[in-house]
Amino acid sequence: MVFKYTKAVCRRIPRSIVDGGIRMDLNKPLVDYERAVKQHEHMVQSLEKLGIKVTVLETDESTPDCVFVEDPAVIIGDTVLITNPGRESRKAETKIMKDYFKTNEPHLKIVEMESPATLDGGDVMFTGREIFVGQSRRTNEAGFLKVKETFPNYPVHAIPIPENTLHLISCMSPVDEDTILCGGSPDASAALKVVLEKATHMYSVVRTPEDDGANLVSANGTILWRSDLPATSNIVSKLNIPKVDLDGSELNKVDGSLTCCSLLYN
């Protein structure tokens, strides 16, 4: 079974991301802003070609990481969980998401997370069958419990994330309801071990050499993937599913993955 969506929310990239974007590796080169914008526009166009109506919200220079709309909100079914991001500089991003859904999607139920709970949406992996929540530097136990409370129709599992990895989705993502793509790092292997131990379903696992390559968007029978990673390309290209080639290299310099840049829903 594939993940089917009719709508998506994205957000334009602020120029402040070049100097102000949060990054785990300070040695990475700065983002090439113009190139990042072109890569982002290609992603939006690719979603539209899959029959998805994409709304691109205006940016905010005071929140350098606001292009990463996956973190301030989680949408599963008819419920939107407005999160409480783990970094102080990102908490302001939640207001525009809450206002957007309240104004434009009245059929969706909105739930708000409050302190002391913290959660980045990048720590939430929904397989269509169950929900895995990374316990990372950004997401605490109270955040996990709020996800469990908000989405009671699905099993919800806590997955410890080692310090060297930002989010659960940074190192793995679902291809479909039966298949998980997972990176090859020790952190990814440790997280995957717990995922498979706690899972209520038997998943097939495809391993990629690079953790960055294990993050892909699966929508409407097609996967959007980073074809700019040669080692991963040899693995993912063999998956029997239509693919759209994207270059995610620029936003990756500030720890951005492909899934970070869109919220998909119906």
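Conventions used here
Residues numbered from 1 in each chain as written. Predicted model: local features only at pLDDT ≥ 70, side-chain atom pairs only at ≥ 80, totals over all residues. Heavy atoms only, no water. 1 Å grid on protein atoms, 1.4 Å probe; cavity = no way out; pocket = protein on both sides within 12 Å on 5 of 7 lines; lining within 4 Å. Points joined across faces, edges and corners; volume = space filled by probe spheres on them. Helix = DSSP H or I, 4+ residues; strand = E, 2+ residues; numbered from the N terminus. Nonpolar A, V, L, I, M, F, W, Y, C, P; charged D, E, K, R; others polar. Expected span 1.5 Å × (residues − 1). Buried < 20%, exposed > 50% of the residue type's maximum accessible area, 1.4 Å probe, protein only. Arc of directions from axis to C-beta. Contact = heavy atoms within 4.5 Å. UniProt positions renumbered as here; feature names shortened; annotations may be inferred. Salt bridge = Lys/Arg side-chain N within 4 Å of Asp/Glu carboxyl O.

**Observations regarding empty space enclosed by the protein**
- Evaluated as defined, the whole model comprises 3 cavities of 30 Å³ or more.
- Surrounding the largest cavity, 16 residues form its lining, G248, L251, S257, L258 and C261 being those nearest its centre.
- Secondary structure elements with two or more residues in the lining of the largest cavity: α2 (33-49) and α7 (249-252).
- Among the residues forming the lining of the largest cavity, the class breakdown is 6 nonpolar, 7 polar and 3 charged.
- Approximately 90 Å³ is the volume attributed to the second largest cavity.
- Considering only residue class, the lining of the second largest cavity consists of 5 nonpolar, 1 polar and 5 charged.

**A closer look at helix α5 (residues 186-198)**
- With 13 residues, α5 ought to run about 18 Å at 1.5 Å a step, and its terminal C-alpha atoms sit 19 Å apart, in line with that.
- Restricting attention to buried positions, one finds in α5 the residues D187, A188, A191, L192, V194 and V195. The arc that holds the buried residues of α5, viewed along the axis, is 165°, so those residues lie on one side. Turned more than 90 degrees from where α5 packs its buried face, P186, K193 and E197 sit exposed.
- Residues of α5 that are buried make contact with β6 (124-126), β7 (131-135), β8 (156-160), β9 (172-176), β10 (179-182) and β11 (204-207).

**Overview of the environment of K91**
- Its place among the elements puts K91 in the loop between β4 (79-82) and α3 (93-104).
- For K91, a relative accessible area of 23% translates into the label partly exposed.
- A C-alpha to C-alpha distance of 21 Å links K91 and E149, two positions 58 residues apart in sequence.
- Those residues in contact with K91, other than ones at most four positions away along the chain, are N84, P85 and T118.

**Regarding the UniProt feature "active site" (unreviewed entry) in the protein chain**
- On the UniProt side, "active site" (unreviewed entry) is annotated at positions that read H167 and C260 here. On the basis of their most widely separated C-alpha atoms, the annotated residues across 94 residues gather in one place, lying no more than 10.5 Å apart. Lining residues of the second largest cavity drawn from the annotated set just named are H167 and C260.
- Position of H167 relative to the elements: it lies in the loop between β8 and β9.
- The contacts of H167, once residues within four sequence positions are left out, are D71, D120, G122, D123, S136 and R138.
- Classification of C260 as buried rests on a relative accessible area of 5%.
- The contacts of C260, once residues within four sequence positions are left out, are V67, F68, V69 and E70.

**Here we look at the pattern of salt bridges**
- Here the structure, examined in full by the defined rule, presents 16 salt bridges.
- Here R15 and E34 are joined by a salt bridge, their closest N and O atoms 3.0 Å apart. Of this pair, R15 sits in the loop between β1 (7-11) and α1 (17-20) while E34 sits in helix α2; the two residues are 19 residues apart in sequence, bridging distant segments of the chain.
- Among the salt bridges present, the one from E197 reaches K193, with a minimum N-O distance of 2.6 Å. Pair noted here: E197 and K193 are both in helix α5, with a separation of 4 residues, about one helical turn. In this pair, the class of E197 matches that of K193, namely exposed.

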